[in-house]
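Structure at a glance
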Amino acid sequence: MKTIRIALVALVVAVAPFKSVKAQTADEIVQKHLAAIGGVDNWKKINSIVMSATSNAQGMEIPITITRVHNKGMKVEFSISGMTGYMIVTDKEGWNFMPFAGQQKPEPLSPEMVKEMQDGFDVQGSLIDYKAKGHTVTFLGKDDVEGT
């Protein structure tokens, strides 16, 4: 009888830690991430975003401003040698104007370029309502980073 009790206690001690371990799903990881960056409700309030940057090319600093309106369009504006160029894309078409490249008036973008640029219209991010947007998320496993 004593042997059975010891075996039973050993079994409970061995199994108890694993009972509380729960595998995370990809959806749980996404939900935790979205909560950590402010929550879905706050991200759904964002309808436009303006980003400014400076690029260095051939010894010149090129200021860049990107304005995106959620699911409607975007404008990329940049200045080189005192001239301002831009690229504008809507849900139907797009244009670019680069006076420093000799352009005298805006020119239409190719349908392929318009389609490629339209992928950037979602200012809320592809993880917000990702299933409804047709995206999939897959949990590929865990990796150790510096022993953790």
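In short, a report on the structure. (Residues numbered from 1 in each chain as written. Predicted model: local features only at pLDDT ≥ 70, side-chain atom pairs only at ≥ 80, totals over all residues. Heavy atoms only, no water.)

**What to know about the packing of aromatic side chains**
- Here the structure, examined in full by the defined rule, presents two aromatic pairs.
- Ring geometry for F78 against F100: centres 5.7 Å apart, planes inclined by 55 degrees, an arrangement best described as tilted. Highlighted residues: F78 in strand β3 (residues 73-80) and F100 in the loop between β5 (94-97) and β6 (107-108), separated in sequence by 22 residues.
- The class for F78 is buried, based on a relative accessible area of 13%.
- A centroid spacing of 5.5 Å and a plane angle of 45 degrees characterise the contact between Y86 and F97, whose relative ring orientation is tilted. One end of the pair, Y86, is in strand β4 (residues 83-90); the other, F97, is in strand β5, with eleven residues separating them in the sequence.
- Residue classification places Y86 among the partly exposed positions, given a relative accessible area of 21%.
- Judged by its relative accessible area of 17%, F97 is buried.
- Sitting over the face of the ring of Y86, K75 holds its NZ or CZ atom 5.7 Å from the ring centroid. (Phe/Tyr/Trp six-rings, centres within 6.5 Å; stacked < 30°, edge-to-face > 60°. Helix = DSSP H or I, 4+ residues; strand = E, 2+ residues; numbered from the N terminus. Buried < 20%, exposed > 50% of the residue type's maximum accessible area, 1.4 Å probe, protein only. Lys NZ or Arg CZ within 6 Å of the ring centre and 35° of its normal.)

**A closer look at the pairing of β3**
- The pairing of strand β2 (residues 60-69) with β3 spans six bridges and is antiparallel. Among the inter-strand pairings, T65 is bridged to a residue of β3, identified as E77.
- The turn linking β2 back onto β3 is made up of three residues, and N71 within it adopts a positive phi angle of 55 degrees.
- Judged from the eight bridges that link them, β3 and β4 form a sheet pairing that is antiparallel. Of the residues in β4, the one forming a bridge with I80 is M83.
- Linking β3 back to β4 in an antiparallel pair, the connection comprises two residues, with S81 at a positive phi of about 50 degrees. (Pairing = 2+ DSSP bridges.)

**Considering the sheet that holds β4**
- With respect to topology, six strands assemble into an open sheet ordered β1-β2-β3-β4-β5-β6, the strand pairing being antiparallel. Lying at the two open borders of the sheet, with one neighbouring strand each, are β1 (48-57) and β6.
- Alignment of β4 against β5, held across four bridges, turns out to be antiparallel. Bridge pairing in β5 places I88 opposite W95.
- Along the sheet face, helix α4 (residues 111-118) touches β3, β4 and β5 and points at about 80 degrees away from the line of β4. (Contact = heavy atoms within 4.5 Å. Axes fitted to C-alpha atoms, helices over the stretch in contact; angles between N-to-C directions.)

**Some remarks on the environment of I128**
- Assignment of secondary structure puts I128 in the segment after α4.
- Residue class for I128 comes out buried when judged on its relative accessible area of 1%.
- Separated by 98 residues in the primary sequence, I128 and V30 place their C-alpha atoms 8.9 Å from one another.
- Beyond its immediate sequence surroundings of up to four residues, I128 is in contact with L34, V40, W43, K44 and K133.

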